[in-house]
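Listed below, chain by chain, are the residues.
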Amino acid sequence: MTLPLVEDTDAGLVRSCTGLLRLFNAAGVLGPADVHTATAVARIGGESDEAVMLALALTVRALRTGSVCIDLRTISETVYDDSEQQVDVSDLPWPAVEDWRAACERSPLVSVGPYRAGDRPLRLAFGLLYLERYWQQEETVRIELQRRLATPPPVVDAELLAGGLARIFSRRGLSETEPDRQRLAAAVSALRWLLVLAGGPGTGKTTTVAKLLALLGDQRGSRPRIALAAPTGKAAARLEEAVRAASGTLPPADRERLGELNASTLHRLLGWQPGNRGRFRHDRENHLPYDVIVVDEMSMVSLTMMARLLEAVRPDARLVLVGDPDQLSSVEAGAVMADVVNAPGEIDRELGSAVAGIPDPGSSVPAPTDLRHGVVQLTHTWRFGAAIDELARAIRAGDPDWTMQVLRSDREGLVFAEVDLEQPRPEGLGPLAERVRRAGRRVDEAARAGLAFEALAALDLHRLLCAHRSGPFGVARWGLEAERWLAEAIEAYGAGGEWYVGRPLLVTANDYDMGLYNGDTGVVLQTEQGLRAAFARGGEPLLYSPVRLDSVQTVHAMTVHRAQGSQFEAVSFIVPPEDSPLLTRELLYTAVTRATRQVQIFGSEASVRKAVQRPANRASGLRDRLGAPSQRSS
Ligand SMILES: Nc1ncnc2c1ncn2[C@@H]1O[C@H](COP(=O)(O)OP(=O)(O)OP(=O)(O)O)[C@@H](O)[C@H]1O
């Protein structure tokens, strides 16, 4: 093999390392942190085998890209992407799998099998290599979920349950052959300690949450103490607003029973303690006091957070996990929601017959009874245009021909423009520029008139999304392009310096005192009191003088990750190139489903096809093991 050219000036190069670590570092597979951690741990643990050190460094590296563990058999086929570029690993001297595995089994750094004490930094179990800490977290999640599913179910008053379901759920809008899965989910939340409520945007997850809370409040006994939480402050604020809005549609007595509901971040719920990293006030010894805990945007919850949450929930509290398993996963390692929803395992027949036994005079369709792990998947979309809905289904199904057929169908709500985005001035961007200008004009007019509601609503008319932050496909370039289009279209656009009227803002850090969260968007307005930055927050918009805002930037374009949890009337998506490691099915699906009315896709057909065919594939052992019979680990 040819050795990559190694220059002393290369920022990511660790000159002190040797052997395999050096080769993999020079090739761009391992970063300095991976190499340093592996070298230090090996030194302390008395390990000098290069292959084991490589396995350790790759395990550390895998966590950075979202995997909980590595599989020595397939690790050489993994996509490597230390920046936004793909690294070619085919030429590297990968150890032979069986020898590699044997070296790991012999190593003083590795506990072998699931039952050994966790006194070594690595663990090899079920063919997967973990850092011990993450193995323990995965075990906590598996054991706590299995325990929750195996515990004798809550006692419910069947008559009240049937009456509540009949009162709160109507089949309006469903075809005769479609089962009411929202109703089914609510029934499961009453009959089990765990409900995993899965569904794409607009399938009525929040509506169902409001309804099931009302249903649980209908049972005998004292009113349940309810906690609503989400992984980010922005998602928590949105959950609170959405549940309040949905509860407004309930019968008055049910609405009253729900009372005032507030949502918080998971960190706040668990009692995050500044200066005490990783430890929360609520844990295994000090359970959360709530009877019902609802966690939204579960796809963004990492394995670590999930382990902490499950430890802190009382065994006799109902847990409702809500999210879209097809979206991008958490920034940190783990894909818990997707793992749980897709885990194999036995059907809960007892639950199936309990659900089937609830009378439903309004329906001629039997409720689905093939329920596993408390999962109910909502499938009816209530909000999208039909074209976006079909596009999302085609992507989710992993079918590139279907996806292209929908994209090229000229249906209302869809634009696909084949554009060579690497050109300095690409042809075919007309629909993008047009959308940017149209939404920008509306924002500008409302901002100049000091109309906060209108300006904020106009801000959500269109969002330009990219996967990359930099380069020809990145947010930086496309933000500037958008600004240029706006400057051409709007007189004196951007005049007035940094805080110009109509400037779209993105909050980049949480500020609990001001009620602003990382990912919130706002706009600068002209008001009688001078310039104000407006941010949407439920009822009245929040208005702040610009001098009070530290962590904001201009947002003409944002990453798909940032946009997770938000929706816009129209979305334009800059598809990354075919060889981008960021190009996955989840990325395309998340981008497309941010739109409620129109999706515009710019890029190559080859990239779109590649995305559809490439699920993100985060390595974890949870999915398979959750489906296996319950085992205790030591
Ligand atoms: N059973 C139903 N009948 C009629 N309309 C419904 C029903 N369920 C939900 N909707 C409506 O569909 C829209 C989307 O519902 P909701 O916000 O609950 O979905 P969601 O899955 O939580 O979406 P998101 O993931 O985007 O937050 C709302 O306007 C809601 O009122």
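Analysis parameters
- Residues numbered from 1 in each chain as written.
- Predicted model: local features only at pLDDT ≥ 70, side-chain atom pairs only at ≥ 80, totals over all residues.
- Heavy atoms only, no water.
- Axes fitted to C-alpha atoms, helices over the stretch in contact; angles between N-to-C directions.
- Helix = DSSP H or I, 4+ residues; strand = E, 2+ residues; numbered from the N terminus.
- Left-handed = near helix turned anticlockwise from the far one by under 90°.
- Contact = heavy atoms within 4.5 Å.
- Core = buried A, V, L, I, M, F, W, Y, C linked by side-chain atoms within 4.5 Å.
- Buried < 20%, exposed > 50% of the residue type's maximum accessible area, 1.4 Å probe, protein only.
- UniProt positions renumbered as here; feature names shortened; annotations may be inferred.
- Near = heavy atom within 4 Å.
- Polar contact = N/O pair within 3.5 Å; in protein donor to acceptor, adjacent residues only side chain to side chain.
- Areas by Shrake-Rupley, 256 points an atom, 1.4 Å probe, with all protein chains shown as cover.
- Nonpolar A, V, L, I, M, F, W, Y, C, P; charged D, E, K, R; others polar.
- Pairing = 2+ DSSP bridges.
- Parallel < 35°, antiparallel > 145°, perpendicular 65-115°, else oblique.
- Salt bridge = Lys/Arg side-chain N within 4 Å of Asp/Glu carboxyl O.

Colleague: Quick question: what am I supposed to make of the packing of helix 8 (residues 205–217) against helix 9 (residues 233–247) here?
Modeller: Helices that pack against each other are described as a pair by the angle of their axes relative to one another and the distance between those axes. Where helix 8 contacts helix 9, the two axes come as close as 8 Å, and the packing angle between them is 65°. Judged by the twist between their axes, the crossing of helix 8 over helix 9 is right-handed. Residue-level contacts link Thr 206, Thr 207, Val 209 and Ala 210 of helix 8 to Ala 242, Val 243, Ala 246 and Ser 247 of helix 9.

Colleague: Teacher, can you tell me more about the nonpolar core here?
Modeller: Most often, soluble globular proteins keep nonpolar side chains buried together rather than apart. Within the largest apolar cluster, 80 residues are counted, with the highest numbers of intra-cluster contacts made by Leu 30, Leu 58, Trp 100, Val 141, Met 306, Leu 309 and Leu 321. In this structure Met 306 touches Val 141, Met 298, Val 301, Leu 321 and Val 336, once residues within four positions along its chain are discounted.

Colleague: So what exactly am I meant to see when it comes to the UniProt feature "domain: UvrD-like helicase C-terminal" (unreviewed entry) in the protein chain here?
Modeller: UniProt records the feature "domain: UvrD-like helicase C-terminal" (unreviewed entry) for residues 555–599 in the present numbering. Counting secondary structure, residues 555–599 comes out at 27% helix and 31% strand; the distance between its end C-alpha atoms is 19 Å.

Colleague: I'm lost on the site of the ligand in this one. Help?
Modeller: Of all residues adjacent to the ligand, which total 13 residues, the nearest are Gly 202, Lys 205, Thr 206, Thr 207 and Arg 383. Here Gln 182 contributes a side-chain N or O atom positioned 3.0 Å from a nitrogen atom of the ligand. Here Gly 202 contributes a backbone N or O atom positioned 3.0 Å from an oxygen atom of the ligand. In isolation the ligand exposes 630 Å². Once the protein is present, 70% of that is buried. Here the shell around the ligand is built from residues that sort into 2 nonpolar, 8 polar and 3 charged.

Colleague: Got a minute to help me understand helix 15 (residues 386–396) in this structure?
Modeller: Because an α-helix packs 3.6 residues into every turn, residues spaced three or four apart end up facing the same way. Among all positions in helix 15, only Ala 387, Ile 388, Asp 389, Leu 391, Ala 392, Ala 394 and Ile 395 are buried. In the core, the buried residues of helix 15 are packed alongside helix 16 (400–407), strand 11 (414–418), helix 21 (585–592), strand 20 (595–603) and helix 22 (605–612). Note on helix 15: the residue one or two positions beyond its end, Gly 398, has a positive phi of about 70°.

Colleague: Looking at this structure, I do not really get the UniProt feature "binding site: ATP" (unreviewed entry) in the protein chain. What am I missing?
Modeller: UniProt's entry tags Gly 199, Gly 200, Pro 201, Gly 202, Thr 203, Gly 204, Lys 205 and Thr 206 with the feature "binding site: ATP" (unreviewed entry), counted in the numbering of this structure. Looking at where Gly 200 falls in the secondary structure, it is placed in the loop between strand 5 (194–199) and helix 8. Accessibility expressed as a relative area gives 7% for Gly 200, which makes it buried. Discounting chain neighbours no more than four positions away, the residues touching Gly 200 are Lys 205, Asp 324 and Tyr 589. Secondary-structure assignment places Pro 201 in the loop between strand 5 and helix 8. Judged by relative accessible area, Pro 201 falls into the buried class, the value being 8%.

Colleague: Which parts of the structure should I look at to understand the sheet that holds strand 6 (residues 226–230)?
Modeller: Strands belonging to one sheet form pairs held by backbone hydrogen bonds; the direction of such a pair is parallel or antiparallel. Ordered by their spatial adjacency, 6 strands build an open sheet running 7-6-8-9-5-10, and the pairing between neighbours is parallel. This sheet does not close on itself; its edge strands, each paired only once, are strand 7 (263–265) and strand 10 (375–378). Ignoring which end each strand starts from, the neighbouring axes of this sheet average 20° apart. Note that strand 6 and strand 7 share 3 bridges and pair parallel. Across the sheet, Leu 228 pairs through a bridge with Ala 263, a residue of strand 7. Taken strand by strand, helix 7 (residues 181–191) contacts strand 5, strand 9 (318–323) and strand 10, and its axis lies near 160° from that of strand 10.

Colleague: Please explain the packing of helix 17 (residues 430–448) against helix 18 (residues 452–459) as it appears in this structure.
Modeller: For the pair helix 17 and helix 18, the least separation of the axes is 8 Å and the interaxial angle reads 165°. In this view, helix 17 runs roughly antiparallel relative to helix 18, as classed from their interaxial angle. The interaxial crossing formed by helix 17 with helix 18 has left-handed handedness. Contacts between helix 17 and helix 18 involve Ala 439, Arg 442, Val 443, Ala 446 and Ala 447 from the former and Glu 454, Ala 455, Ala 458 and Leu 459 from the latter. Its residues assigned to classes, the contact of helix 17 with helix 18 comprises 7 nonpolar, no polar and 2 charged.

Colleague: Got a minute to help me understand the pattern of salt bridges in this structure?
Modeller: Pairing between side chains of opposite charge can happen when their charged atoms approach one another. Enumeration over the complete set of coordinates arrives at 37 salt bridges. Between Arg 623 and Asp 339 there is a salt bridge, with the nearest N and O atoms lying 3.3 Å from each other. Pair noted here: Arg 623 is in helix 23 (residues 622–627) and Asp 339 is in helix 13 (residues 336–342), with a separation of 284 residues, a long-range link. Accessibility expressed as a relative area gives 5% for Asp 339, which makes it buried. Its salt-bridge partner being Arg 609, residue Glu 605 comes within 2.9 Å of it at the nearest N-O pair. Of this pair, Glu 605 and Arg 609 both sit in helix 22, 4 residues apart, which is roughly one turn of that helix. In this structure Arg 609 comes out as partly exposed when scored by relative accessible area, which is 25%. Through salt bridges with shared partners, one network takes in Arg 425, Arg 437, Arg 477, Glu 481, Arg 484 and Glu 488.

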